[in-house]
Amino acid sequence: MPKGSPERTAARKDEIIRACEKLYQTKSFKEITLKDIGNETSFSRPTIYNYFQTKEEIFLALYELEYERWNEDLETILAENEQLSKKEIAEKIAQSLEKRAQLLKLLAMNNYDMEESSREERLASFKNAYGKSMRNIHAILDKFCPGMSEEEKQTFIYAFFPFMFGIYPYTSVTEKQRNAMSEAGVDYRYQTIYELTYRCLMRLLGEEYKREAKETS
């Protein structure tokens, strides 16, 4: 077990997570090693094992941090608005995800392996942040879509959250991927995170999407 005050433990965990986050800006999950992460911290690499047993646990903690950042934005939507139309709901949620490209990148990874290689207490901490996001989306629907039934809200949530896993690969495309699509003759219109998310949300929210599509066509 790590020695020191809870504040020291929290500070070191945060330093490890931030080191991982920094590396993830330029390297892939497979390329990053515990040695790399240790080299970015102010303490020795073996010290990491006092806080995280695997690389997957560190990434899961980063994943949790990204959900908490998104939760802050969702809670701001709830706190700062008394009424929102379906169009405004779609706009605000899409805008909140537009800022969370790293969350979407993590979602596009193999979550099964990440969770399987993490201890249960780490996984439970992550699931708490994930569950909070689901509850925040439910709260937005409760507040701004009073006409939706509970079944409709559950259908919305269990369609939207799986959809999020595919946003990053469809919006963050390398030149190599673009060239391959062109060579394969695939006619695909690339969209931004906001555009793809907004259109999905409007469809899930109902008939208003069809009216807006006609107005803007």
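Check the entry above for the structure.
Report follows, based on the coordinates. Since the model is a prediction, treat every value here as computed from it, not as a measurement. (Residues numbered from 1 in each chain as written. Predicted model: local features only at pLDDT ≥ 70, side-chain atom pairs only at ≥ 80, totals over all residues. Heavy atoms only, no water.)

## Concerning the pattern of salt bridges
Where charged atoms from two side chains of opposite charge come close, those side chains can pair.
So, point 1. Throughout the structure, instances matching the rule amount to 17 salt bridges.
So, point 2. The partner of Lys99 in a salt bridge is Asp73, with the nearest N and O atoms 3.3 Å apart. Of this pair, Lys99 sits in the loop between helix H4 (86-98) and helix H5 (101-107) while Asp73 is found in helix H3 (residues 55-80), placing the two residues 26 residues apart along the sequence.
So, point 3. Its relative accessible area of 17% is what places Asp73 among the buried residues.
So, point 4. Among the salt bridges present, the one from Glu121 reaches Arg119, with a minimum N-O distance of 3.8 Å.
So, point 5. Note on Glu121: relative accessible area 48%, which makes it partly exposed.
So, point 6. Exposure remark for Arg119: the relative accessible area of 23% places this residue in the partly exposed category.
So, point 7. Salt bridges here are not isolated pairs; linked through shared partners, they connect Asp14, Arg18, Glu21, Glu66, Arg69, Asp73, Lys99 and Arg100. (Salt bridge = Lys/Arg side-chain N within 4 Å of Asp/Glu carboxyl O. Helix = DSSP H or I, 4+ residues; strand = E, 2+ residues; numbered from the N terminus. Buried < 20%, exposed > 50% of the residue type's maximum accessible area, 1.4 Å probe, protein only.)

## A closer look at the packing of aromatic side chains
So, point 1. The final tally for this structure, using the stated rule, is 16 aromatic pairs.
So, point 2. Taken together, a centroid distance of 6.4 Å and an interplanar angle of 20° make the contact between Phe126 and Tyr130 stacked. A residue pair is termed a helical-turn pair when its members lie 3 or 4 positions apart in one helix, as Phe126 and Tyr130 do in helix H7 (residues 120-144) at 4 residues.
So, point 3. Between Tyr194 and Tyr198, the ring centres sit 5.7 Å apart and the planes meet at 10°, which makes this aromatic pair stacked. Remark: Tyr198 and Tyr194 occur in helix H11 (residues 193-205); sequence separation between them is 4 residues, near one turn of the helix.
So, point 4. Here the aromatic residues Tyr63, Tyr67, Trp70, Phe126, Tyr130, Phe156, Phe160, Phe161 and Phe163 are joined through ring pairs into a cluster of three or more.
So, point 5. The positively charged end of Lys55 is found above the aromatic ring belonging to Phe29, 4.1 Å away from the centroid.
So, point 6. The ring of Tyr130 carries Lys127 above its face, with NZ or CZ at 5.4 Å from the centroid. (Phe/Tyr/Trp six-rings, centres within 6.5 Å; stacked < 30°, edge-to-face > 60°. Lys NZ or Arg CZ within 6 Å of the ring centre and 35° of its normal.)

## Notes on the packing of H7 against helix H8 (residues 150-164)
So, point 1. At a minimum axis separation of 10 Å, H7 and H8 run at an interaxial angle of 135°. When the axis of H7 is compared with that of H8, the two are oblique. The interaxial crossing formed by H7 with H8 has right-handed handedness. In this structure, H7 contributes Tyr130, Ser133, Met134, Ile137, His138, Leu141 and Asp142 to the contact, and H8 contributes Glu150, Lys153, Gln154, Phe156, Ile157, Tyr158 and Phe161. (Axes fitted to C-alpha atoms, helices over the stretch in contact; angles between N-to-C directions. Parallel < 35°, antiparallel > 145°, perpendicular 65-115°, else oblique. Left-handed = near helix turned anticlockwise from the far one by under 90°. Contact = heavy atoms within 4.5 Å.)

## Here's the deal with H11
So, point 1. Over its 13 residues, H11 runs 18 Å from end to end, which matches the ideal 18 Å to within 8%, given 1.5 Å per residue.
So, point 2. Taken together, the buried positions of H11 are occupied by Ile193, Leu196, Thr197, Tyr198, Cys200, Leu201, Met202 and Leu205.
So, point 3. Within two residues after H11, Gly206 carries a phi angle of roughly 120°, on the positive side. (Expected span 1.5 Å × (residues − 1).)

## Structural notes on the packing of H3 against H4
So, point 1. Between H3 and H4, whose axes approach to 10 Å, the crossing angle comes to 155°. When the interaxial angle is binned, H3 and H4 end up roughly antiparallel. As for how H3 packs across H4, the hand of that crossing is right-handed. Of the residues in H4, those in contact with Trp70, Asp73, Leu74 and Ile77 of H3 are Lys92, Ile93, Ser96 and Leu97.
So, point 2. When its residues are assigned to classes, the contact of H3 with H4 shows 5 nonpolar, 1 polar and 2 charged. (Nonpolar A, V, L, I, M, F, W, Y, C, P; charged D, E, K, R; others polar.)

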